[in-house]
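# Chains, contacts and geometry: an overview
One letter stands for each residue in the lines below.
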Amino acid sequence: MSLSLGFSLSCSLICRCCRNLIDSERQREAAVTAMLFGATRYAVCPSCKQEVPREQWDRAYKARWRRAVKRKQTQKERGT
Ligand SMILES: [Zn+2]
């Protein structure tokens, strides 16, 4: 009970993939950066489209990143 209360009290969203705060202004910035530099592996979170600093690229993040990208590709192929 106390666990779900803690989550609902937080007004900011945390991305499930990169664990960063989801912030719409940063999202726009990251989208532009991604276009300029091309799709750099791990540099942009596939879930929230935000830039992810290199120091956050640990093994767990990379695993989540690959899973998220795979999921997106599968969704595209199925057309759902
Ligand atoms: Zn993210």
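First, a word on what this report is: a plain description of the structure on this page. (Residues numbered from 1 in each chain as written. Predicted model: local features only at pLDDT ≥ 70, side-chain atom pairs only at ≥ 80, totals over all residues.)

Glancing now at the environment of glutamate 29. Topologically, glutamate 29 is positioned in helix α2 (residues 24-37). A C-alpha to C-alpha distance of 9.3 Å links glutamate 29 and lysine 49, two positions 20 residues apart in sequence. (Helix = DSSP H or I, 4+ residues; strand = E, 2+ residues; numbered from the N terminus.)

This part covers unusual backbone geometry. The backbone phi angle of tyrosine 42 is positive, close to 75°, even though this residue is not glycine. C-beta crowding within 10 Å serves as the criterion here: with 16 such atoms nearby, tyrosine 42 is assigned to the partly exposed category. Phi is positive for lysine 49, close to 65°, though the residue is something other than glycine. For lysine 49, the position within the fold is in the loop between α2 and α3 (59-78). Look at lysine 49 and you get partly exposed, because 17 C-beta atoms sit within 10 Å. (Buried ≥ 20, exposed ≤ 12 C-beta atoms within 10 Å, placed from the backbone.)

Here we come to the environment of leucine 21. As for its placement among the helices and strands, leucine 21 is situated in the loop between α1 (2-9) and α2. When the C-alpha atoms of leucine 21 and glutamine 50 are compared, they prove to be 9.2 Å apart, with 29 residues separating the residues in sequence.

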